[in-house]
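Chain by chain, the residues:
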Amino acid sequence: MHPQAFLATLAVMASASSAMKVQWYNDNSCSNYAFEQNNPAYGQCYNNGSKKPSANIANCDHVLCYCTFYTGAGCTGSSGYVSVTSGVNPNCALKPSGSAGWDSFKCTWYM
């Protein structure tokens, strides 16, 4: 493959939509489902305003998906994260002790 074609292929792969799903829960153990957000844009901060106590990556069609959850709006405040490799059950991000819950998040992934 020519170097220019290879670079063009990488650019398309990096800009492809995420095949990802983040789920939010009403409990502190990722078992009492509340709602989900599909296909977050790479590295973009999302405010959900729900202050849910737990969240996870429910779908990851990449080699590795990684989300950071924040207690404040605009991806500020205390943070926690989950990461999952394709085909492996997701981890659960539990709210920090003394916090009302997660208020915002951003995700990245690796092909």
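Keep in mind it's a predicted model, so treat the numbers as computed, not measured.

Caption draft 1: Layout of the sheet that holds strand β2 (residues 33-38). Within the open sheet, the four strands sit side by side as β2-β1-β4-β7. Their pairing is antiparallel. Edge positions in the open sheet fall to β2 and β7 (92-94), since each of these has one partner strand only. Put simply, the sheet's adjacent strands are angled 20° from each other on average, direction ignored. One ladder, built from three bridges, connects strand β4 (residues 54-60) with β7; its direction is antiparallel. Of the residues in β7, the one forming a bridge with Asn-56 is Cys-92.

Caption draft 2: Seen up close, the side chain of Gln-37. With respect to the secondary-structure elements, Gln-37 resides in strand β2. Engagement of the side chain of Gln-37 in a polar contact is seen with the side chain of Trp-24, the distance being 2.7 Å. When sequence neighbours within four positions are dropped, the list of residues in contact with Gln-37 reads Met-20, Lys-21, Val-22, Trp-24, Asn-48 and Phe-105.

Caption draft 3: Examining the state of the cysteines more closely. Inspection of the entire model under this criterion finds four disulfides. The disulfide partner of Cys-60 is Cys-65, and the S-S distance across this bridge is 2.2 Å. Between Cys-60 and Cys-65, the S-S torsion sits near 90°, and that sign places the bridge as right-handed. Taken individually, Cys-60 and Cys-65 each receive the classification buried, so the pair is uniform in this respect. Disulfide pairing is shown between Cys-67 and Cys-107; the S-S distance is 2.0 Å. One disulfide, between Cys-67 and Cys-107, carries an S-S torsion of 105° and so falls in the right-handed class.

Criteria and cut-off values
- Residues numbered from 1 in each chain as written.
- Predicted model: local features only at pLDDT ≥ 70, side-chain atom pairs only at ≥ 80, totals over all residues.
- Heavy atoms only, no water.
- Pairing = 2+ DSSP bridges.
- Helix = DSSP H or I, 4+ residues; strand = E, 2+ residues; numbered from the N terminus.
- Axes fitted to C-alpha atoms, helices over the stretch in contact; angles between N-to-C directions.
- Polar contact = N/O pair within 3.5 Å; in protein donor to acceptor, adjacent residues only side chain to side chain.
- Contact = heavy atoms within 4.5 Å.
- Disulfide = S-S within 2.5 Å.
- Buried < 20%, exposed > 50% of the residue type's maximum accessible area, 1.4 Å probe, protein only.

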